[in-house]
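# Architecture at a glance
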Amino acid sequence: YYRQEATDQINTPQITSQCICFEDTDHNYYTSKTYGPTDPMSKDLWVNVDQMDKEKVKIHGILSNTHRQAARVNLSFDFPFYGHFLRDLTVATGGFIYTGDVVHRMLTATQYIAPLMANFDPSVSRNSTVIYFDNGTALVVQWDHVHLQDSYNLGSFTFQATLHSDGRIVFAYKEIPVEVSQISSVNHPVKVGLSDAFVVVHRIQQIPNVRRRTIYEYHRVELMRTRITNSTAVEMMPLPTCLRFTSCSTCITSQINFNCSWCHRLNRCSSGFDRHRQDWVDNSCPDETKDKSCDIINTTQLYPFTTTLVAKTTGRSRSRAESTTRASSLSTSHPPTSVPTEDDTKIALPLKDNGAMPKESAAERKGTHPLHTGLILGVLMVMLIMAAAVLVTVYIYHHPTSAASIFFIERRPSRWPAMKFRRGSGHPAYAEVEPVGQEKEGFIESEQC
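This write-up is about the structure you can find in this document. (Residues numbered from 1 in each chain as written. Predicted model: local features only at pLDDT ≥ 70, side-chain atom pairs only at ≥ 80, totals over all residues. Heavy atoms only, no water.)

## What to know about the overall build of the protein chain
Counting secondary structure elements, the protein chain contains 11 helices and 20 strands. Classification of the 449 residues of the protein chain by burial places 42% in the buried group. If you take every contact in the protein chain between residues at least 6 apart in sequence, the share linking residues at least 24 apart comes to 62%. Accessible surface for the protein chain amounts to roughly 24,900 Å². Of this, 54% is attributable to carbon and sulfur atoms. (Helix = DSSP H or I, 4+ residues; strand = E, 2+ residues; numbered from the N terminus. Buried < 20%, exposed > 50% of the residue type's maximum accessible area, 1.4 Å probe, protein only. Contact = heavy atoms within 4.5 Å. Areas by Shrake-Rupley, 256 points an atom, 1.4 Å probe, with all protein chains shown as cover.)

## Here's the deal with empty space enclosed by the protein
Using the criterion set out here, one finds 3 cavities of 30 Å³ or more in the structure. Put simply, the largest cavity is a space of about 60 Å³. Lining the largest cavity we find Tyr29, Tyr82, Thr241, Cys242, Leu243, Phe258, Ser270, Ser271, Phe273 and Asp274. Its residues assigned to classes, the lining of the largest cavity shows 6 nonpolar, 3 polar and 1 charged. (1 Å grid on protein atoms, 1.4 Å probe; cavity = no way out; pocket = protein on both sides within 12 Å on 5 of 7 lines; lining within 4 Å. Points joined across faces, edges and corners; volume = space filled by probe spheres on them. Nonpolar A, V, L, I, M, F, W, Y, C, P; charged D, E, K, R; others polar.)

## Notes on the pattern of salt bridges
Throughout the structure, instances matching the rule amount to 8 salt bridges. A salt bridge links Asp88 to Arg72; the nearest nitrogen and oxygen atoms lie 2.7 Å apart. One end of the pair, Asp88, is in strand β7 (residues 84–92); the other, Arg72, is in strand β6 (residues 69–81), and 16 residues separate them in sequence. Looking at Asp88, the relative accessible area reads 32%, which means it is partly exposed. The partner of Arg168 in a salt bridge is Asp166, with the nearest N and O atoms 3.1 Å apart. Arg168 gets classed as partly exposed once you look at its relative accessible area, which sits at 24%. (Salt bridge = Lys/Arg side-chain N within 4 Å of Asp/Glu carboxyl O.)

Laid out in structure tokens, this is it:
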């Protein structure tokens, strides 16, 4: 897959007597407006946390005194992000909010809301704080007087991100001492914008019962860094996505920026590129949506066992089975809760013939031999798996620096509650401040999808 990436292109600015406003409408998921320092909207979009309810304003003590840390924040409302409703987010000291479900080591890679992602270190100054405020309809996160770890002398930064319940996202900037383009990205990425991705789980054939999760970025909004100065603001309004449609008719007749398709198996409308991508593919939704039809799929195609039952019935029971099949298909349009097996049909046949042995009994007696063969094959497979496990254990013991060894070392119980930093990586490691006992999954970033 190829990533659908949207970057801002400067349209002709609309100049009035009061302000200069840049409006960007080239995004597929969001439209953005940038307000300059002289625009009254810049002041209106800044949320003065000092005037808010003191009981709801929270200064995170750990984030305000550490570097490269992240903490979960539970929302009191559903926040729509790329069409997905979120109830919890992860606030990071590096000037961004992570929106993914599982906290991993490369939070800066994708799935973020970044008013100004950079190598901020609140621990270098007593005046640096990370504040958040939830009033029931909006969440405000403010990075107040934070400094860059590798450029402390540049001065302090104060900015905030406001997430509204209707999906609007506002970046407001109070103090930006230098141009964003001058901030070094050697030790930490520098980004301004949004990003979302989907996760695909792959099975590793070499290691049984181990799955690898790969994260694919399917869209990114990159805002112009040159527009980010003191007393500026950016407002991003969400555009409708396929996920908002809850019926087939409204889905396939929608007139939006996406090619929406309806999947009957999932009862979901999608363009195929969202966080439910794996479910979409695993349920063969791309093949189902080719016809662009809302007709319910024929049950005989979904459940071919009905034909098998008719073919295996004999004599007097054939017509009875056919009539029963027709009656069941006419009485309900819902699929049966359990699929009858061949064994169920064969057991029922002698009862219908008053104890007479059916003609299939000879074939059944002949089929008992393959049953023993299958049992032998199953035992052999178990022995092979055990032998492979022993070989893998020996290999890991004698090769402690191999990829498999590192994989299991990182997942031993003593490493689960917290994560250590990984230096020298293009995407710095973040540690979760308040572990909740969840296993930290390893992710692989893919630059294209």
